[in-house]
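Tertiary structure, described
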Amino acid sequence: MIIEEGLSNFFKYKLLLLYLFTASVVVCQDVHFTQFDASPLNLNPANTGNYDGFWRFSGNFRTQWRVLGEPFQTSSIGFDKSGKRKGGNMSYGFYVLGDASGETNLTTSRYYGNIAVHLGNDQNKWHFGIQPGLVQKSINVASLTFPEQFDNSSGAFNPNLDNKEADFLSALSYFDINAGIMFTKTLNQNKYEAGLAFHHLIQPSESFLRNDFNLPMRYILSVKHSRPLIDDWSGVVKVMYMRQNKASETLLQILVSKAVAANELNIKSVYSGFSSRLGIQRNTDAISYIFGVQFLRTDVGLSYDLNVSTLSQQTNLRGAFELSVVFWSGRFDYSPKTIMCERL
C-alpha cells in the first residue's frame, strides 16, 4: 500500500513536469473547447461583434478526467458589443478564462480586452480583431511531492523532506496579445465563414523554473458552412485546425438542426451531431456527441467527449463534459430616418 502511494505521487509529479518544462522537452497546447464556436472570443478576436445583434454574452464550462482523480476544469465568460446600431464598424468586448489543472494545483487566469473592425456589407464582410490582456498562473508547490522527498527507510514520500527546488516559482504573470482575421460570406441561403487567429503574438516568457522559455505562438484556422437541407432541417459543418510549435489538433463537427413550431418556451430549434478530434500524429483523440437548444435569443449546448486515445483503458472511455450558453440581443436593422415636424 505504501509503495502504491509512492508511485501515485511520483506519477503526479511526472504530469506536473510535462506541463512545466520547456518546449524542447514537451509541447502543451492552450485551453480549448469542444464547442469551440460557442466561445467566439477565445476562438478568434475577429469574432468580436461578428453576429447579428447589439450585444452578446457567452459562457462556457468544461470538466474532464474526473475518473483519474481531481478533474481538470475550465470556465470562461465573454461579452462583446457591436457598433452597427450607431452606423459604425467597430466593436469591443472582454474575455475572461479560468483553468484549474487537477491535483497539481496549477491555476491559470486570463483577462483580455477585445477590439475589432468590420469592413464590407452583409453579403461579403472582413473582420479584423486584436486582443491584449494579462495572464496569471500559480501553483501550490507545498502540496506537491518531488523525487528528492522519497524516504527510502519508509518506502513512501515524506513532504517534510527538502524538495531541492529553491528556484521554483509559485506564481507568474505576463502581458499577452492575440489577433485574428475573418471573412464571412452569404450566398443565397448558404453562409460561409473562414478565420485565422494568432495567439501569443509577442511570445511572452512563461516558466516556473526561472529559465528563458518563451511561449510558442498558436495558430487557429477555422472554417464553417451552414445551409438549409429539406423542410425544416438545416446542416452545418465546422472545422478547426490548431497548431502550437510541433503539436497540432484538428476538430471536425457535423451538426443538423430542426426548426420547431411556435411554442410557449420560445424554442426555435434543436440541434445535435458529432465531433471528432485528431491529436498527435493524426490519431483520433476523442469522439464527442453534441446536443443543443436554440431559444429566441439564447443558445444552450451540451457535449460529452469519449476518450479513445491511448489513455482510454485508464479512463474507461470517459472524457470531458461541456456546457455552453450564448445570449444575444435582438436583431436590428440600422437605417437613418428623417422625422418630419411642423414649423412653429
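In short, a report on the structure. (Residues numbered from 1 in each chain as written. Predicted model: local features only at pLDDT ≥ 70, side-chain atom pairs only at ≥ 80, totals over all residues. Heavy atoms only, no water.)

A closer look at the overall build of the protein
Worth spelling out the cut-off: In this text, helices come from DSSP runs of H or I with a minimum length of four residues, and strands from runs of E with a minimum of two, each type numbered from the N-terminal end. The classification of residues rests on relative accessible area computed with a 1.4 Å probe and restricted to protein chains. Under 20% of the type maximum is buried, over 50% is exposed, and intermediate values are partly exposed. In what follows, a contact means two residues having at least one pair of non-hydrogen atoms within 4.5 Å. Note on areas: Shrake-Rupley, 1.4 Å probe, and residue coverage restricted to the protein chains presented here.
Counting its regular elements, the protein contains three helices and 16 strands. Out of the 344 residues belonging to the protein, those deemed buried represent 42%. Within the protein, counting contacts between residues at least 6 apart in sequence, those at least 24 apart form 55% of the total. Summed over its atoms, the accessible surface of the protein is roughly 19,200 Å², and 59% of this surface lies on carbon and sulfur atoms.

Some points on the environment of Q35
Heads up, the rule is: Here a polar contact is taken to be a pair of N or O atoms separated by no more than 3.5 Å, where protein atoms must pair a possible hydrogen donor with a possible acceptor and residues adjacent in sequence count only if both atoms sit in side chains.
For Q35, the position within the fold is in the loop between α1 (2–20) and α2 (40–43). What makes Q35 buried here is its relative accessible area of 4%. Linking Q35 and S303, residues 268 residues apart in sequence, is a C-alpha distance of 7.5 Å. Side-chain polar atoms of Q35 contact the side chain of S303, separated by 3.1 Å.

Describing the packing of aromatic side chains
What counts is decided by this rule: What counts as a ring pair is set by centres within 6.5 Å for rings of Phe, Tyr and Trp (its six-membered ring), and what kind of pair is set by the plane angle: stacked under 30 degrees, edge-to-face over 60, tilted for all other angles.
The full count for this structure, using the stated rule, is seven aromatic pairs. With centroids separated by 6.0 Å and ring planes inclined at 85 degrees, the aromatic side chains of F198 and Y219 adopt a geometry described as edge-to-face. Placement of the pair is F198 in strand β9 (residues 190–199) and Y219 in strand β10 (residues 218–228), with a sequence separation of 21 residues. Members of the aromatic cluster, each reached through a chain of ring pairs, are W55, F79, F94 and F327.

Digging into the pattern of salt bridges
The following threshold applies: Salt bridges are counted wherever a side-chain nitrogen of Lys or Arg sits within 4 Å of a carboxyl oxygen of Asp or Glu.
According to the stated counting rule, one finds ten salt bridges in the structure shown. Close ionic contact of R62 with D305 constitutes a salt bridge, the shortest N to O distance being 3.0 Å. Placement of R62 in strand β1 (residues 55–64) and of D305 in strand β15 (residues 298–307) is noted, with a sequence separation of 243 residues between them. Judged by its relative accessible area of 6%, R62 falls in the buried class. A relative accessible area of 2% means that D305 is categorised as buried. D122 is the salt-bridge partner of K125, the closest N and O atoms lying 4.0 Å from each other. On the basis of relative accessible area, K125 is assigned to the buried category, the value being 13%. Judged by its relative accessible area of 61%, D122 falls in the exposed class. Residues participating in the shared-partner salt-bridge network are R62, E249, R277, D305 and E322.

Details of the environment of D299
When you line up the elements, D299 lands in strand β15. For the pair formed by D299 and V326, sequence separation is 27 residues and the distance between their alpha carbons is 5.1 Å. Once you skip the residues sitting within four places of it in the chain, D299 turns out to touch Y271, V293, Q294, S324, V325, V326 and W328. One polar contact links D299 to Y271, side chain to side chain, over a distance of 2.8 Å.

Regarding the nonpolar core
Applied cut-off: Remark: nonpolar core denotes a set of buried residues (Ala, Val, Leu, Ile, Met, Phe, Trp, Tyr, Cys) joined through side-chain atoms within 4.5 Å.
Counting 14 residues, the largest nonpolar core has Y95, I139, F168, Y174 and F208 as its most contacted members. Of all the secondary structure elements, the ones that give two or more residues to this core are β3 (90–101), β4 (106–120), β5 (124–139) and β8 (171–187). With seven residues, the next largest nonpolar core counts F36, I220, M242 and L251 among its residues.

Points about a nonpolar patch on the surface
We count it as follows: Patch membership requires over 30% relative accessible area and the absence of a salt bridge. Like charges are linked within 9 Å, and nonpolar side chains (Val, Leu, Ile, Met, Phe, Trp, Tyr) within 5 Å.
A grouping of F274, I287, Y289, F291, L302, Y304, L306, V308, F321 and L323 is seen on the molecular surface, where their side chains present a nonpolar patch of about 830 Å² in accessible area. Of all the elements in the fold, those that place two or more residues in the nonpolar patch are β14 (284–295), β15 and β16 (318–328).

Here we look at unusual backbone geometry
Here D231, not a glycine, exhibits a phi torsion of approximately 50 degrees, which is positive. Inspection of the secondary structure assignment puts D231 in the loop between β10 and β11 (233–244). A positive phi angle, close to 60 degrees, is found at N245, a residue other than glycine.

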